[in-house]
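Observations on the model geometry
The residues making up each chain are set out below.
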Amino acid sequence: MRKSSETPPDERPTRRGPGRPRRAERDGPSTRELILREATELFAARGPEGTSLRDIAARVGIDVSSLHHHFPAKEALYGACFERVHAAEREALAPLVAGLREAATTGGEPLAAVLRALADGFVDFLEEHPHTTFLWLRRWLDPTRGAGLDEAYALPLYGEVERALLEAAQAGTVRETTPHVTVRSLVWAAHGHVTALAAASPADRERERYEFRLWVRRFLDALYGPGSGAGDGPDVIIHRTLE
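Residues numbered from 1 in each chain as written. Predicted model: local features only at pLDDT ≥ 70, side-chain atom pairs only at ≥ 80, totals over all residues. Heavy atoms only, no water.

Attention now goes to the side chain of Glu89. Mapped onto the secondary structure, Glu89 falls in helix H5 (residues 74-103). No salt bridge is formed by the buried Glu89; its nearest oppositely charged neighbour, Arg90, is found at 8.5 Å. Contacts of Glu89, omitting those with residues within four sequence positions, involve Phe122, Phe125, Leu157 and Tyr158. (Helix = DSSP H or I, 4+ residues; strand = E, 2+ residues; numbered from the N terminus. Buried < 20%, exposed > 50% of the residue type's maximum accessible area, 1.4 Å probe, protein only. Lys, Arg positive; Asp, Glu negative; His and termini not counted. Salt bridge = Lys/Arg side-chain N within 4 Å of Asp/Glu carboxyl O. Contact = heavy atoms within 4.5 Å.)

The subject of this paragraph is helix H7 (residues 130-140). Those residues of H7 that fall on the buried side of the exposure criterion are His131, Thr132, Thr133, Leu135, Trp136, Arg139 and Trp140. Buried residues along H7 sit in contact with helix H2 (31-46), H5, helix H6 (108-128), helix H8 (147-153) and helix H10 (179-199).

When pLDDT is averaged along the protein chain, the result is 86, and 81% of the positions lie at 70 or above. In this model residues 233-243 is a low-confidence stretch, pLDDT under 50, and it forms 22 contacts with partners more than four residues away in sequence or in other chains. (pLDDT = per-residue confidence, 0-100.)

The residue Thr173 is located in the loop between helix H9 (155-170) and H10 in this model. Polar contacts involving the side chain of Thr173 include one to the main-chain carbonyl oxygen of Ala104, which spans 2.9 Å. (Polar contact = N/O pair within 3.5 Å; in protein donor to acceptor, adjacent residues only side chain to side chain.)

Turning to the nonpolar core, a few remarks are in order. Counting residues in each nonpolar core, the largest one holds 55 residues, and the members touching the most others are Phe43, Ile56, Leu67, Leu77 and Leu135. With 10 residues, H5 is the single largest residue contributor to this core. Residues in contact with Phe43, not counting those within four places in the same chain, are Pro48, Thr51, Ile56, Lys74, Leu77, Tyr78, Cys81, Leu135 and Arg138. (Core = buried A, V, L, I, M, F, W, Y, C linked by side-chain atoms within 4.5 Å.)

Right, let's get into the packing of aromatic side chains. Applying the stated criterion to the full structure yields eight aromatic pairs. Considering the side-chain rings of Trp136 and Trp140, the 5.3 Å spacing of their centres and the 25 degrees angle between planes classify their relative orientation as stacked. Of this pair, Trp136 and Trp140 both sit in helix H7, separated by four residues, roughly a single helical turn. Per residue, the accessibility class of Trp136 equals that of Trp140, and both read buried. One aromatic cluster is present, formed by Phe43, Tyr78, Phe82, Trp136, Trp140 and Trp188 through successive ring pairs. (Phe/Tyr/Trp six-rings, centres within 6.5 Å; stacked < 30°, edge-to-face > 60°.)

Following this line, the structure appears as structure tokens:
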């Protein structure tokens, strides 16, 4: 006869098997993803100097030792945040960049339409993920520190756009002497737009969105639209060569 203090087998809690994730880990974001989310927000708001691992752990609801299990040092976590936002940006823009490469030698309205779509897609992405802007702006406050982050998580994607413009210039479909400056100008303008949105009132945000996108179209039309000089002759000066 079973003692009254014993728990029936079918009422005992099920033990997790070795390596079996907890229910919260199966049903929601992993601890690593939660750390990256909170770290990205804090680094964007305060920069690496103003953010401690203890701050991040508190936001996630874990202790610092658990955070160290995933990221042994703050520098590693800081770099992983850039890797994460870059992966999201590339996923959003890769189809548009591929379309630009295909249209590079076509010129005319097909190229202009693809350029407008790419610019709109980039602005859409930044508006939906404003922490991306502030993460980068705080990194750029020190032009020399963290240059490797630019090389790993910014320049590759922007370089693809630059090379597509160079290919269009070499094909004679556009006149483009400084594609690097063109791409950089659009990138910086888009980040400036996001900072303006963050400071604007709800009513002013709609005006800012409308006026900025109108400016982007005018900018692209002036460089590559009808009457811009595209295809007028072979006198295209290319200061940066294709690799």
